[in-house]
Amino acid sequence: MTQPRLPVFDPAHATAEQKALLDDILSGPRGNLNGPFVSWIHSPELGQLAQKLGAYCRYGTGLPLRLSELAILTTAAQWQSQAEWHIHQPIAVDAGLSAQVAEQIRLGQTPSFEQEDERVVWSFATELYRDKRVADATYARAAELFGLRVVVNLIGLLGYYALVAMTLNVFGMRAEGQAALPFPEPPSCGKA
């Protein structure tokens, strides 16, 4: 994308709703605006709902961080979301996901998993994105490993991070300090 699609946001001119959203994001577990939040400032009602859902999906699903981040990386790769990948790849590796597995996901390959729970999360997410459904065997194994509540939360996490990826992609947003892009930009980006 050659031109930014979002106007520069000046907090000095923020509405009361925008200020409340900024305060909630900055005082919450994230503590920064890295990600889609600057775009959501332009629709603070959506922003409030989305950031609250996001906090739950990131910190309250019942999945270990390693598996949540695996689901986020799978989403980032599906959507080729530059900033989402840049932000979450180091978190995933720090949480115990193999850097090799992360790279295989980025490249669109079938990863070589050593842990079954990772294979199940990746299969669940990949099938859902590709087929718009999850195979009976994959669903049954996910329910057996994680329980119904966590499976419901996994679906919510995938949906939330797809929203994040779409937002970042439409507005051509990059993560703070991001110089390299993990995915090629489509040639039609920015053209009607």
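Heads up: these notes are all about the structure in this document. Computed from a prediction, not measured in an experiment: that's the story for all the values here.

**Quick word on the nonpolar core**
Within soluble globular proteins, side chains that are nonpolar generally end up buried alongside one another.
Part 1 of the reasoning: W85, F146 and L158 are the most contacted members of the largest nonpolar core, which has 49 residues in total.
Part 2 of the reasoning: Per-element accounting of this core gives the leading share, ten residues, to helix 9 (residues 148-170).
Part 3 of the reasoning: Ignoring anything within four residues of it in the chain, the contact list for W85 reads L73, A76, A77, P90, A102, I105, R106, P182 and F183.

**Re the packing of aromatic side chains**
Part 1 of the reasoning: Evaluation of the coordinates by the stated rule reveals five aromatic pairs.
Part 2 of the reasoning: Between F37 and W40 the ring centres are 5.7 Å apart and the planes differ by 85 degrees, which places this aromatic pair in the edge-to-face class. In this pair, F37 and W40 both sit in helix 2 (residues 37-40), three residues apart, roughly one turn of the helix. Each member of the pair, F37 as well as W40, is classed as buried.

**Topic: the packing of helix 4 (residues 65-79) against helix 7 (residues 116-131)**
Part 1 of the reasoning: At a closest axis distance of 10 Å, the pairing of helix 4 and helix 7 adopts a crossing angle of 30 degrees. Seen from above, helix 4 lies across helix 7 with right-handed handedness. Residues R66, L67, L70, A71, T74, T75, Q78 and W79 of helix 4 lie in contact with helix 7, whose contacting residues are D117, E118, V121, W122, A125, T126 and Y129.
Part 2 of the reasoning: The residue makeup of the contact of helix 4 with helix 7, split by class, is eight nonpolar, four polar and three charged.

**A short note on the layout of surface pockets**
Part 1 of the reasoning: By volume, the largest pocket is sized at about 220 Å³.
Part 2 of the reasoning: Together, 18 residues line the largest pocket, and N34, F37, R58, I87 and H88 are the ones closest to its centre.
Part 3 of the reasoning: Of all the secondary-structure elements, those providing two or more residues to the lining of the largest pocket are helix 3 (44-59), helix 5 (82-94) and helix 9.
Part 4 of the reasoning: Class assignment for the residues of the lining of the largest pocket results in ten nonpolar, five polar and three charged.

**Brief notes about the pattern of salt bridges**
Part 1 of the reasoning: Taken as a whole and assessed by the stated rule, the structure comprises nine salt bridges.
Part 2 of the reasoning: Here R66 and E118 are joined by a salt bridge, their closest N and O atoms 2.9 Å apart. In this pair, R66 sits in helix 4 while E118 sits in helix 7, placing the two residues 52 residues apart along the sequence.
Part 3 of the reasoning: Residue R66 is classed as buried on the basis of its relative accessible area, which comes to 13%.
Part 4 of the reasoning: The salt bridge partner of E103 is R106, with a shortest N-O separation of 2.6 Å. Taken together, the positions of E103 and R106, both in helix 6 (residues 99-106) and three residues apart, correspond to about one turn of that helix.
Part 5 of the reasoning: Shared partners join several salt bridges into a network, and the residues in it are E116, R119, R141 and E144.

Definitions and cut-offs
- Residues numbered from 1 in each chain as written.
- Predicted model: local features only at pLDDT ≥ 70, side-chain atom pairs only at ≥ 80, totals over all residues.
- Heavy atoms only, no water.
- Core = buried A, V, L, I, M, F, W, Y, C linked by side-chain atoms within 4.5 Å.
- Buried < 20%, exposed > 50% of the residue type's maximum accessible area, 1.4 Å probe, protein only.
- Helix = DSSP H or I, 4+ residues; strand = E, 2+ residues; numbered from the N terminus.
- Contact = heavy atoms within 4.5 Å.
- Phe/Tyr/Trp six-rings, centres within 6.5 Å; stacked < 30°, edge-to-face > 60°.
- Axes fitted to C-alpha atoms, helices over the stretch in contact; angles between N-to-C directions.
- Left-handed = near helix turned anticlockwise from the far one by under 90°.
- Nonpolar A, V, L, I, M, F, W, Y, C, P; charged D, E, K, R; others polar.
- 1 Å grid on protein atoms, 1.4 Å probe; cavity = no way out; pocket = protein on both sides within 12 Å on 5 of 7 lines; lining within 4 Å.
- Points joined across faces, edges and corners; volume = space filled by probe spheres on them.
- Salt bridge = Lys/Arg side-chain N within 4 Å of Asp/Glu carboxyl O.

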